[in-house]
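Fold and contact review
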Amino acid sequence: MSELLIEQKKKVRKPLLWIGMASIVMTFAGLTSGYVVSRTALMAENRWFQFELPSLFYAATVAILLASVALVWAQLGAKKENDGQVKAGVGIALLLGFLFVGLQLAGWKDLIDSGFYFTGPKSNSSVSWVYVITFLHWLHVVSGIIVLIVTYIQASKSAYTKENYLGLELACIYWHFLDLLWIYLFCFLLFIR
């Protein structure tokens, strides 16, 4: 590949990431709007069910926040050309990402054990919305974990330098986005019940 083609590819990666994240924002804006409309209609009919979010969702929030902190530390390592710090930061973020996914799964199990089902005769629309919103975010976190795995492999090869750490930067931007999105969704579900 020519040097020009490589530079052109680098220039389009960040704008493409922002476009992708904008589409994710629109998806969740639609879902949260649907939630509000459904809640309003069902509250008028006295059919909206209020319940507590699983406590494991709080722990998942801490895990995803700490993963972002680890990625900031990894980026600082890249700027200092400290390969060990980059690898450790991405590795910690990756483990915390897996922890987030596991805590979400355990939170859904708690909902099911409490008799709150996604669908079926014993389900309720308010609970179903929580499953849909959190599951869709969970899928995006799984995609973020895949990105972190690739980033970790690259970090293991000492691919990131202070002049060239675009891959790490893009992974961090996406993960921080997922983090902020979860904070929004968690607060939304916590306060608009």
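Note that residues are indexed from 1 along each chain, following the sequence as it is written. Per-residue local features of the predicted model are confined to residues with pLDDT of at least 70, and side-chain atom pairs are confined, for both listing and counting, to 80 or more; whole-chain, interface and lining totals are unaffected and use all residues. The side-chain quantities take in all heavy atoms of the structure and omit both hydrogens and water.

What follows concerns the overall build of the protein. Counting its secondary structure elements, the protein contains five helices and zero strands. We count a stretch as a helix when DSSP gives it H or I for four or more residues in a row; a strand needs E for two or more, and each element gets its number in order from the N terminus. Each helix and strand of the protein, ordered N terminal to C terminal, gives the series α-α-α-α-α. By principal-axis analysis of the C-alpha atoms, the protein measures approximately 65 × 30 × 25 Å. Classification of the 193 residues of the protein by burial places 41% in the buried group. In the protein, of all internal contacts separated by at least 6 residues, the share reaching a separation of at least 24 is 81%. Accessible areas in this description were obtained via Shrake-Rupley with a 1.4 Å probe; residue shielding takes into account the shown protein chains only. Working note: accessible area of the protein is about 10,200 Å², and carbon and sulfur atoms make up 68% of it. With 15 positive and 11 negative side-chain charges, the protein shows a spacing of 2 Å between the two charge centroids. Summary of the burial criterion: residues with accessible area below 20% of their type's maximum are buried, those above 50% are exposed, and those between are partly exposed, where the area comes from a 1.4 Å probe applied to protein chains only. Contacts are assigned to residue pairs that have any heavy atoms within 4.5 Å of one another. Only four residue types enter the tally: Lys and Arg on the positive side, Asp and Glu on the negative side; His and the chain ends are excluded. In plain terms, the charge of a residue is placed at NZ if it is Lys, CZ if Arg, CG if Asp and CD if Glu.

Attention now goes to the pattern of salt bridges. We define a salt bridge as a side-chain nitrogen of Lys or Arg found within 4 Å of a carboxyl oxygen belonging to Asp or Glu. Following the criterion strictly, the structure yields four salt bridges and no others. Residues glutamate 169 and lysine 14 are paired through a salt bridge, measuring 2.7 Å at the closest nitrogen-oxygen approach. Of this pair, glutamate 169 sits in helix α5 (residues 166-191) while lysine 14 sits in helix α1 (residues 3-44); the two residues are 155 residues apart in sequence, bridging distant segments of the chain. Two residues, lysine 109 and aspartate 113, come together in a salt bridge whose shortest N-O distance is 2.7 Å. Of this pair, lysine 109 and aspartate 113 both sit in helix α3 (residues 83-113), four residues apart, which is roughly one turn of that helix. Lysine 109 gets classed as partly exposed once you look at its relative accessible area, which sits at 48%.

Once that is clear, we can look at the packing of aromatic side chains. For Phe, Tyr and Trp, where Trp contributes only its six-membered ring, two rings pair if their centres lie within 6.5 Å, and the inter-plane angle classes them as stacked under 30 degrees, edge-to-face over 60, or tilted in between. Evaluated as defined, the whole model comprises 16 aromatic pairs. Residues phenylalanine 51 and phenylalanine 116 carry aromatic rings whose centres are separated by 5.2 Å and whose planes lie at 40° to one another, so their mutual orientation is tilted. Taken as a pair, phenylalanine 51 in the loop between α1 and α2 (55-79) and phenylalanine 116 in the loop between α3 and α4 (125-156) lie far apart in primary sequence, 65 residues in all. Note on accessibility: phenylalanine 51 and phenylalanine 116 belong to one class, buried. Their ring planes at 80° and their centres at 5.9 Å tell us that phenylalanine 57 and tryptophan 182 sit as a pair that is edge-to-face. A residue pair is termed long-range when its members are at least 10 positions apart, and phenylalanine 57 in helix α2 and tryptophan 182 in helix α5 qualify at 125 residues.

Another point: the environment of leucine 111. Structurally, leucine 111 can be placed in helix α3. Spatially, the C-alpha atoms of leucine 111 and alanine 22 are 30 Å apart, while their sequence positions differ by 89 residues. For leucine 111, the residues in contact, after removing those within four places along its chain, are Phe51, Pro54, Phe116, Val130 and Tyr131.

Here we come to the nonpolar core. We define a nonpolar core as any set of buried Ala, Val, Leu, Ile, Met, Phe, Trp, Tyr and Cys residues linked to one another through side-chain atoms lying within 4.5 Å. Within the largest apolar cluster, 58 residues are counted, with the highest numbers of intra-cluster contacts made by Leu168 and Trp175. Counting residues per element, this core draws most heavily on α5, at 16 residues.

All right, on to the packing of α4 against α5 then. Packed helices, taken two at a time, are described by their axes: the angle between them and the distance between them. Comment: axis = line fitted to C-alpha atoms, over the contacting stretch for helices; angle = value between 0 and 180 degrees taken between N-to-C directions. Closest axis-to-axis distance for the α4/α5 pair is 10 Å, and the angle between their directions is 165°. The angle between the axes of α4 and α5 places the two elements in the roughly antiparallel class. Two packed elements cross with a definite hand, and for α4 against α5 that hand is left-handed. Together, Val130, Ile133, Thr134, His137, His140, Val141, Ser143, Gly144, Ile145, Val147, Leu148 and Thr151 of α4 and Gly167, Leu168, Ala171, Tyr174, Trp175, Leu178, Leu181, Trp182, Leu185 and Leu189 of α5 make up the contact between the two elements. Residue classes follow a fixed rule: Ala, Val, Leu, Ile, Met, Phe, Trp, Tyr, Cys and Pro count as nonpolar, while Asp, Glu, Lys and Arg count as charged, and any other residue, Gly among them, counts as polar. A class-by-class count of the residues in the contact of α4 with α5 yields 15 nonpolar, seven polar and no charged. By the definition adopted for this analysis, an angle is roughly parallel if under 35 degrees, roughly antiparallel if over 145, roughly perpendicular if from 65 to 115, and oblique otherwise. Two helices crossing with the near one rotated counterclockwise from the far one by less than a right angle form a left-handed crossing, whereas a clockwise rotation gives a right-handed crossing.

Residue class for lysine 14 comes out partly exposed when judged on its relative accessible area of 27%. Considered as a pair, lysine 14 and isoleucine 173 are 159 residues apart in the sequence and their alpha carbons are 9.2 Å apart. In contact with lysine 14, other than residues within four places in its own chain, are Leu166, Glu169, Leu170 and Ile173. Two N or O atoms count as a polar contact when they lie within 3.5 Å, although within protein this holds only if one can serve as hydrogen donor and the other as acceptor, and sequence-adjacent residues are included solely when both atoms are side-chain atoms. At a separation of 2.7 Å, a polar atom in the side chain of lysine 14 contacts the side chain of glutamate 169.

Everything listed here is a matter of geometry and, on its own, says nothing about what the molecule does.
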